[in-house]
Amino acid sequence: MVHPRPDINASVLLLRDGLASLLQHLRDDGYLVVGPTVRDGAIVHDQLRGIEDLPVGVGDEQAPGRYRLRRRADQALFGYAVGPQSHKREFFPPSIRLFQLRRGAGGPVLTPEPPIDRKLALIGVRSCELQAIAVQDRVFVGGHHVDADYASRRRGVFVVAVNCGEPSGTCFCASMGTGPRASGGFDLALTELLSGGPHRFVVEVGSAAGADLLARVEHAPASEADHAAASAVTAAATANMGRHMDTRDIKSLFYANQEHPRWAQVAERCLGCTNCTLVCPTCFCSTTVDTTDLAGATATRERRWDSCFTLDHSYVHGGSVRPSLRARYRQWLTHKLASWIDQYGTSGCVGCGRCITWCPVGIDITEEAAALRADVPVA
Amino acid sequence: MPRKRRPKLAVWKFASCDGCQLTLLDCEDELLAIADALQIAYFREATSADVGGPYEVSLVEGSITTADDAERIRRVRAVSRSLVTIGACATAGGIQALRNFRDHAEMLRVVYARPDYIDSLTTSTAIAEHVPVDFELRGCPIDKRQLLEVLSAYLHGRRPAIASHSTCVECKMRGTVCVMVAHGTPCMGPVTHAGCGALCPSYIRGCYGCYGPAEAPNTAALARGFVQMGVSEGGVRRYFHTFNANAGPFRQEGLSHGD
């Protein structure tokens, strides 16, 4: 069946079956289709065989240090906020081998790693995630030194975004200007509509590849009422953010408060466990690990995730530069919310709330930033 | 062609269950490579052969619980170029260090029919409290891959690539959902040394702390979290006082909570 190819930036209407067909086309085209699915009491990212693998009728409740799934009254496919994993593990995997050296007759022989050759499609990517990917793009490929591994994983990724309808109790993208509506960086962006008609999706076309795919899937024009309903979904999300971050003069707020007593107070609570940094979709720190085999014939260099909360991370000759939790917490939050702006031109925070939800003791960065502000004299 | 001289490895046992030294025998796929790279000169669990010292590397399992052993470890140190302690007993005193917090004579009476046959110290202590130790490999039991890494490192004169951060890093790397946040299960992971690959949380259990304290752990903050989750004071103490009860931060945290 031939369907009209929509224009880029146009919006069309897709039914549930249409979305199923869209995923099937991606699989038929050789894409590895990755999206949200339920595992071990959370919504994680994994390979999807079809829409039945999505968290059908599942919602979530999030609060500082707390995450629970709940059964929804409807059959929504995207009725939840972001889970513990971000898409950073697709492009910046927890561990990669950089190269191997083997002892050869004429000296060491280097075996570089082959470039990544895969077709990846990401389904259900939220606006905060897209903004986080854009932040990591600046870090890994935006400067003079391009990370070849990141670039090869990132290339040609097909993105199906989802505009958020129900933010969690720890979300604050609206105050970071990073959501809840996807503003770019997608091939297709869905808004799920659960009332006022059949279960349907308003689909915004973001690229030629997205338009080409839609041309192979049964769809219909979106009515004025559908457009209005879609706008209402994201407007409601904006109004229901669980958290708020006041970003006014945030750089100077942090730079002026490096000796604020609040840092010692939060260090009393902080476990130094690294969870906030590892769930953060923009944190990019890594360490390099060299190992040898028993025979001494092969040496391997790996890159692994690291965190500014480990002592090794800031270890230089003689010891760690940031030996106290106070120093490490201050380093993390100051970089995330303030010095990141000097370094990359944007905040390092996209307001996804993961660091709040997945902190085992529920430290809330919006509360920490507000505490610094509370004591700043009004200019 | 004469066979190259292989460095001599010795494996010593003190108060322990033998589980950690058996990890060496568990290296089935790598045993030939180990035997090729090292001469296993003294290893009672594997061979009755007894090659004299000195030894390039000594692996020491177990804690010091008798006056005899307190002397014997000095002799082991004297014949070992590098001394690596393996497992919670050797690095922290083991589960048997629970006696350190009790009346020793009373415990002997409860456990043994003839306590007068027993000649032991009132404490169980780590090897490093008695002699200098070159490297401590944590775990109850130790992890096979980490043991191979330590042996490879000592063979080739480099630092072992063994991270001392929290177990949370391993959960996050393997994509395990946090049991504390998503299930409300108390978990020792945030203060526990990595190394096992975060085994228990991957089976939706809280971490038991087998690998002892991570670097700079904030045990008080985690204990407060446990109490908020409904764990009793005695329960908090038991979380910290298990296989690594005598490891500094766990000992102190456990002692600050009542029975």
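Residues numbered from 1 in each chain as written. Chains lettered and ligands numbered in written order. Predicted model: local features only at pLDDT ≥ 70, side-chain atom pairs only at ≥ 80, totals over all residues. Heavy atoms only, no water.

**Examining the overall build of chain A**
The criterion, for reference: Secondary structure elements are taken from DSSP: a helix is a run of H or I of four residues or more, a strand is a run of E of two residues or more, and numbering for both begins at the N terminus. Here the term buried applies to any residue with accessible area under 20% of the maximum for its type, exposed to any over 50%, and partly exposed to those in between, with areas from a 1.4 Å probe on protein chains only. Contacts are assigned to residue pairs with any non-hydrogen atoms lying within 4.5 Å of each other. The protein chains shown are the only cover counted for residues, whose accessible areas, like all others here, come from Shrake-Rupley with a 1.4 Å probe. We treat Lys and Arg as the positive residues and Asp and Glu as the negative residues; His and chain ends play no part in the count. Charge coordinates come from a single atom per side chain, which is NZ of Lys, CZ of Arg, CG of Asp or CD of Glu.
Looking only at helices and strands, chain A has 13 helices and 16 strands in total. Its C-alpha atoms give chain A principal-axis dimensions of about 70 × 70 × 40 Å. Across the 379 residues that make up chain A, the buried fraction comes to 54%. Across chain A, every contact between residues at least 6 apart in sequence was considered, and the portion connecting residues at least 24 apart equals 71%. Carbon and sulfur atoms provide 52% of the accessible area of chain A, an area that totals close to 16,000 Å². Across chain A, the centroid of the 40 positively charged side chains sits 4 Å from that of the 40 negatively charged ones.

**Focus on the pattern of salt bridges**
Residue and element names in this part refer to chain A. Note the threshold: Definition used for salt bridges: Asp or Glu carboxyl oxygen within 4 Å of a side-chain nitrogen of Lys or Arg.
Per the counting criterion, the structure on display carries 38 salt bridges over all chains. Here Arg 181 ties to Glu 204 by a salt bridge, and the two come within 3.3 Å at their closest N and O atoms. With Arg 181 in the loop between helix H5 (173–176) and strand E10 (188–193) and Glu 204 in strand E11 (residues 200–205), this pair connects stretches of sequence that are 23 residues apart. Overall, Arg 181 belongs to the partly exposed group, its relative accessible area being 40%. Take Glu 204: its relative accessible area is 18%, and that puts it in the buried class. For the salt bridge of Arg 330 with Glu 259, the shortest nitrogen-to-oxygen distance reads 3.5 Å. Here Glu 259 lies in the loop between helix H8 (250–255) and helix H9 (262–269) and Arg 330 lies in helix H11 (residues 325–344), a separation of 71 residues in the sequence.

**Some details on the UniProt feature "domain: NADH:ubiquinone oxidoreductase-like 20kDa subunit" (unreviewed entry) in chain B**
Put simply, the test is: UniProt positions are given in the numbering used here, feature names are shortened, and annotations may be inferred rather than shown by experiment.
The feature "domain: NADH:ubiquinone oxidoreductase-like 20kDa subunit" (unreviewed entry), as annotated in UniProt, sits at residues 17–153 of chain B in this numbering. Counting secondary structure, residues 17–153 of chain B comes out at 37% helix and 16% strand; the distance between its end C-alpha atoms is 26 Å.

**Comments concerning the domain arrangement of chain A**
Residues and elements named next belong to chain A. Stated formally: Boundaries between domains were set according to an automatic or database domain assignment. Summed over both partners, the accessible area lost on bringing two parts together, with a 1.4 Å probe, is the buried area. Here a polar contact means two N or O atoms within 3.5 Å. Within protein one must be a hydrogen donor candidate and the other an acceptor candidate, and residues neighboring in sequence count only if both atoms are side-chain atoms.
Examined at the domain level, chain A breaks down into domain 1 (11–239) and domain 2 (250–374). With centres defined by C-alpha atoms, the gap from domain 1 to domain 2 works out at 25 Å. Tallying the contact residues gives 42 residues for domain 1 and 38 residues for domain 2. The contact between domain 1 and domain 2 buries some 3,400 Å² in all, and 59% of this surface belongs to carbon and sulfur atoms. It is Lys 88, Phe 92 and Phe 172 in domain 1 that bury the most area against domain 2; as a group they hold 17% of the surface buried on that side. Counting every contact that joins domain 1 to domain 2 gives 2 salt bridges. Across the pair Glu 129 and Arg 354 runs a salt bridge whose closest N-O atoms are separated by 2.7 Å. The tally of links between domain 1 and domain 2 comes to 29 residue pairs in polar contact (both at pLDDT 80 or more). For the side of domain 1 that touches domain 2, the secondary-structure elements that each account for two or more residues are strand E4 (58–63), strand E5 (66–71), helix H2 (88–91), strand E6 (95–104), helix H3 (127–141) and H5.

**Considerations on the state of the cysteines**
So the rule is basically this: By definition, disulfides here are pairs of cysteine sulfur atoms that lie within 2.5 Å.
Counted by the stated rule, this structure contains 0 disulfides over all chains. Sulfur of Cys164(A): no disulfide; nearest cysteine sulfur belongs to Cys128(A) and is 6.2 Å away. For Cys164(A), a relative accessible area of 12% gives the class buried. In this structure Cys196(B) is a free cysteine whose sulfur lies 6.2 Å from that of Cys207(B), the closest cysteine sulfur available. Relative accessible area serves as the criterion here: at 22%, Cys196(B) is assigned to the partly exposed category.

**What to know about the side chain of Glu204(A)**
At 3.3 Å, the side chain of Glu204(A) forms a polar contact with the side chain of Arg181(A). Those residues in contact with Glu204(A) that lie beyond four places of it in its chain are Ala10(A), Ser11(A), Arg181(A), Phe186(A), Asp187(A), Leu188(A) and Ala189(A).

**Focus: the pairing of strand E3 (residues 42–47) of chain A**
All names here are of chain A. Defined as follows: Between any two strands, at least two bridges found by DSSP are needed for them to pair.
Bridging between strand E2 (residues 32–39) and E3 involves 6 bridges; their strand directions are antiparallel. Among the inter-strand pairings, Arg 39 is bridged to a residue of E3, identified as Ala 42. Between E2 and E3, which pair antiparallel in sequence order, lie 2 residues; one of them, Asp 40, sits at a positive phi of approximately 50 degrees.

**As for the packing of helix H10 (residues 219–228) of chain B against helix H12 (residues 248–255) of chain B**
Working note: a packed helix pair is described by the angle between its axes plus the distance between those axes. Residues and elements named next belong to chain B. Going by this rule: Inter-axis angles, ranging from 0 to 180 degrees, are taken between N-to-C directions of lines fitted to C-alpha atoms, where helices are fitted over the stretch in contact. When an angle is under 35 degrees it counts as roughly parallel; over 145 it counts as roughly antiparallel; between 65 and 115 it counts as roughly perpendicular; any other value is oblique. In this scheme the handedness of a crossing depends on how the near helix is turned from the far one: anticlockwise by less than a right angle means left-handed, clockwise means right-handed. For this scheme, ten residues count as nonpolar: Ala, Val, Leu, Ile, Met, Phe, Trp, Tyr, Cys and Pro. Four count as charged, namely Asp, Glu, Lys and Arg, and the remainder, Gly too, count as polar.
In the contact formed by H10 and H12, the axes pass within 10 Å of each other and the chain directions differ by 45 degrees. Taken as axis vectors, H10 and H12 run oblique relative to one another. The way H10 lies across H12 gives a crossing that is right-handed. Residues Thr 219, Ala 220 and Ala 223 of H10 form the contact with H12, whose own contacting residues are Pro 249, Phe 250 and Glu 253. Here the residues of the contact of H10 with H12 sort into 4 nonpolar, 1 polar and 1 charged.

**Thoughts on the sheet that holds strand E13 (residues 286–292) of chain A**
All names here are of chain A. One open sheet holds the 4 strands; their spatial order is E7-E6-E14-E13, and the pairing between them is antiparallel. The open sheet has two edge strands with one neighbour each: strand E7 (107–112) and E13. Each strand axis lies, on average, 20 degrees off the axis of its neighbour in the sheet, ignoring direction. Direction of pairing for E6 relative to strand E14 (residues 298–305): antiparallel, over a ladder of 7 bridges. Paired with Ile 96 across the strands is Arg 303, a residue of E14.

**Considerations on the sheet that holds strand E5 (residues 135–137) of chain B**
Residues and elements named next belong to chain B. The strand order across the open sheet built from 5 strands is E2-E1-E3-E4-E5, with neighbouring strands paired in parallel fashion. Because the sheet does not close on itself, it has two edges, and the strands there are strand E2 (39–43) and E5. Along the sheet, successive strands turn relative to each other by an average axial angle of 25 degrees, direction set aside. Where strand E4 (residues 80–86) lies against E5, 3 bridges are found, and the strand directions are parallel. If you follow Ile 86 over to E5, its bridge partner there is Leu 137. Contacting strand E1 (8–13), strand E3 (55–61), E4 and E5, helix H6 (residues 144–155) runs over the sheet at an angle of about 160 degrees to E5.

**Remarks on the domain arrangement of chain B**
Residues and elements named next belong to chain B. By the assigned domains, chain B splits into domain 1 (8–155) and domain 2 (168–255). Relative placement of domain 1 and domain 2: their C-alpha centres are 25 Å apart. Contact with domain 1, which involves 19 residues of that partner, is made by 17 residues of domain 2. Summing both sides of the interface, domain 1 and domain 2 together bury roughly 1,300 Å²; the carbon and sulfur share of this comes to 54%. If you look at where domain 1 meets domain 2, you find 0 salt bridges. For the pair domain 1 and domain 2, the number of links is 6 residue pairs in polar contact (both at pLDDT 80 or more).

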